[in-house]
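Topology and contacts: notes
What follows is each chain in one-letter form.
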Amino acid sequence: MPEFSFELDDDQKAVRDWIHGFAVDVMRPAAAEWDEREETPWPIIQEAAKIGLYSLDFYAQQYFDPTGLGIPMTMEELFWGDAGIALAIVGTSLAAVAVLANGTEEQIGTWIPPMYGDADDVKVAAFCSSEPDAGSDVAAMRTRAVYDEAKDEWVINGTKTWVTNGGIAGVHVVIASVDPELGARGHASFVVPPGTPGLSQGQKFKKHGIRASHTAEVVLDGVRVPGHCLLGGKEKLDERLARARERARAGTERGRNAAMATFEASRPAVGAQAVGVARAAYEVALDYAKNRVQFGRPIIDNQGIAFQLSDMRTRIDAARLLVWRASWMATAGKPFTAAEGSMSKLFAGETAKAVTAQAVQILGGNGFTREYPVERMHRDAAIFTIFEGTSEIQRLVIARTLSGMQIR
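The sections below set out a description of the structure shown in this document.

**Remarks on the layout of surface pockets**
- Here the second largest pocket defines a volume of roughly 380 Å³.
- Residue classes in the lining of the second largest pocket are distributed as seven nonpolar, three polar and three charged.

This is the structure:
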């Protein structure tokens, strides 16, 4: 019988401990400052690049971990350090995943390296999908890409919103409609190279949480990109659109969507991020409960506190197991027949919100102040039930997958 184990191997433990050390020594001391500044923490990204933590090579190694646990382990440790700074460090990965999910081998080799830059000149990248009137409803997307056959160029016009690294990125990956009549099935993804005329940053958002991560609108006004910037290539796109049109006429199964392909690949990783935030808040609350004395004894001696901490830890471990299962399945090529990727993101995101709220409650008045980090963690946790598919959308995906019906 083959050996079965949940134990990380020695190499994985070494990587985990290395990332944890960076989170303790570099991220945690700077977390409150960058949260208050609401600016991209370029010096922290630079430090991560210097040690190889912010690099294509590192993320490639974790992405190709045969167990599937390299990426979720990395995400959990970084977001344990601080969610805002961590998102500034890993925000580029969503654009990279978009290229991996939709691009050719040549495009992967061409566009992913410049997304990161190098230790002397770090860069970031941005994935542009949501729009002012098209968030969860991707079929409502208005950004349009029109092919100029004479010049072999695509002309893109529209406005994207809620873009991590939007406008400050070198490489932007943009989802646009090439056939509006097909709705979400008529979308394609494009790389917009650095310095392309017509792309500009719109409004920068002031946010409730993850404030060290830059979030802004991206305006595309007559942006022209060469034909080779269409991820997957035009021949593949034409074939896919032809199939989608045929299915639309026949009323048969749905086709593949460029934005959804990216989110499907990233959901377990986002779940791991939520686990990291929840774990961080739980550890603060546990330490506080063991040391805070009221009525002559530590407050953890009270069942009302002890039981809360028990539930918090149970939910965190359950969330991690769902994330690890989905990550292993994706790496092993197992289909998500029950929407296991969405399950992991849904449960972990809801866990982060619940656990951080309980941590604030356990700390009482102290938890409501910025003197303790759980206040910031609670604000940060709110995003995990919103971005990359709200909890409601995850439930919809799960329900549709289980039933085989187009539940609305």
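**What to know about a nonpolar patch on the surface**
- The grouping of Phe4, Phe6 and Leu321 at the surface amounts to a nonpolar patch, some 380 Å² of accessible area in total.
- Along the polypeptide, Phe6 turns up in the segment before α1 (10-37).
- In this structure Phe6 comes out as exposed when scored by relative accessible area, which is 56%.

**Describing the pairing of strand β6 (residues 171-177)**
- Across the seven residues of β6, seven count as buried, placing the element largely inside the fold.
- Along β6, one buried face is formed by Val171, Val173, Ile175 and Ser177 and the opposite face, lined by His172, Val174 and Ala176, is buried too.
- Sheet topology places strand β3 (residues 125-128) next to β6; four bridges connect them, and they run parallel. From the neighbouring strand, Ala126 faces β6, where its bridge partner is His172.
- With six bridges joining them, β6 and strand β7 (residues 187-192) adopt antiparallel strand pairing. Following the sheet pairing, Ser177 is matched in β7 by His187.

**Focus on empty space enclosed by the protein**
- Per the stated rule, a full pass over the model turns up one cavity of 30 Å³ or more.
- As a volume, the largest cavity reaches approximately 50 Å³.
- Along the walls of the largest cavity sit Phe79, Trp80, Gly81, Asp82, Ala83, Val277, Ala280, Arg376, Met377 and Asp380, which together make up its complete lining.
- Its residues assigned to classes, the lining of the largest cavity comprises six nonpolar, one polar and three charged.

Reading the values: the criteria
- Residues numbered from 1 in each chain as written.
- Predicted model: local features only at pLDDT ≥ 70, side-chain atom pairs only at ≥ 80, totals over all residues.
- Heavy atoms only, no water.
- 1 Å grid on protein atoms, 1.4 Å probe; cavity = no way out; pocket = protein on both sides within 12 Å on 5 of 7 lines; lining within 4 Å.
- Points joined across faces, edges and corners; volume = space filled by probe spheres on them.
- Nonpolar A, V, L, I, M, F, W, Y, C, P; charged D, E, K, R; others polar.
- Patch = residues over 30% accessible without salt bridge, like charges linked within 9 Å, V, L, I, M, F, W, Y side chains within 5 Å.
- Areas by Shrake-Rupley, 256 points an atom, 1.4 Å probe, with all protein chains shown as cover.
- Salt bridge = Lys/Arg side-chain N within 4 Å of Asp/Glu carboxyl O.
- Helix = DSSP H or I, 4+ residues; strand = E, 2+ residues; numbered from the N terminus.
- Buried < 20%, exposed > 50% of the residue type's maximum accessible area, 1.4 Å probe, protein only.
- Pairing = 2+ DSSP bridges.

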